[in-house]
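Topology and contacts: notes
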Amino acid sequence: MDFEGLLLQIYKSFYLYTMTAEQYHLQGLEAQKNEAYDEAVALFTKALETSENPNIYNDRGVCLFHLNRKEEALVDFNKAVALEPDYSYRYASRAFIKDSLGDTEGAVEDYRKAVKLDPKDAVAYNNLGMLEEKLGYKEMSKKNLAKADKLAEEQGLFPEQEAPSSLTEQEEHLMHKEIEGMLGEVEAQDRKEAEQKAGAKEHARVMMSVFRSKSALREFIQFIKKGFKS
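Residues numbered from 1 in each chain as written. Predicted model: local features only at pLDDT ≥ 70, side-chain atom pairs only at ≥ 80, totals over all residues. Heavy atoms only, no water.

It is worth spelling out the overall build of the chain at this point. Check the secondary structure of the chain and you find twelve helices and zero strands. When the helices and strands of the chain are read in sequence order from the N terminus, they spell out α-α-α-α-α-α-α-α-α-α-α-α. Evaluated residue by residue, the chain yields a buried proportion of 43% over its 230 residues. If you take every contact in the chain between residues at least 6 apart in sequence, the share linking residues at least 24 apart comes to 53%. Just so you have it, the chain exposes about 12,600 Å², and 51% of that area is on carbon and sulfur atoms. (Helix = DSSP H or I, 4+ residues; strand = E, 2+ residues; numbered from the N terminus. Buried < 20%, exposed > 50% of the residue type's maximum accessible area, 1.4 Å probe, protein only. Contact = heavy atoms within 4.5 Å. Areas by Shrake-Rupley, 256 points an atom, 1.4 Å probe, with all protein chains shown as cover.)

Encoded structure:
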């Protein structure tokens, strides 16, 4: 390595050493956006050394899920729930992981908690209804799927001229609407620390791109189809 290269390496090492939790988090989000999940996990882990931020646990859990390290992902989602037990999105996120691990009963419990905390969450009602149908809870399933349809109609999620033509398109559309809605929630919140506010907004934006990736949508579509094939 030449002298210039050595100086560059020293600079990079010093920069990484002096980075704040927020900086590690933002770099992790960028790596996550580019589907560099191993790198993102390492950066989120560094951020968590000095910050107990539920968004970081959530983001690391997403990356671990993409790396097929689902048990570890569940640990992170559990931590995010523990840190924000009154936030419906935490339960809905964990429910997806639980069902992917075969814990459908646990997923149903989480979706029920999510809709209790946010009675206007059409996506959570929809997913709850599908899993209840898979478990044989036909009446509860019918009720919650009808509730999801009603909420979607009330919220204008499916304008008649833009109505999705298939189940997969419908579920993808609903999922994107839920994530986009996170941006409005974050902007409306009164954050005490600028770091938390900026981190949460960036988290919502990156989550939109992450869950629009082909690999994430493939997992989501398989999840949907599995619910209807039971």
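Counted under the stated rule, the structure contains two aromatic pairs. For the pair Phe65 and Phe96, a centre-to-centre distance of 5.4 Å together with 65 degrees between the ring planes defines the contact as edge-to-face. Placement of the pair is Phe65 in helix 4 (residues 54–66) and Phe96 in helix 6 (residues 88–100), with a sequence separation of 31 residues. Exposure class is identical for Phe65 and Phe96. Each is buried. Between Tyr87 and Tyr89, the aromatic rings sit 5.9 Å apart at their centres with planes inclined by 40 degrees, giving tilted as the arrangement. (Phe/Tyr/Trp six-rings, centres within 6.5 Å; stacked < 30°, edge-to-face > 60°.)

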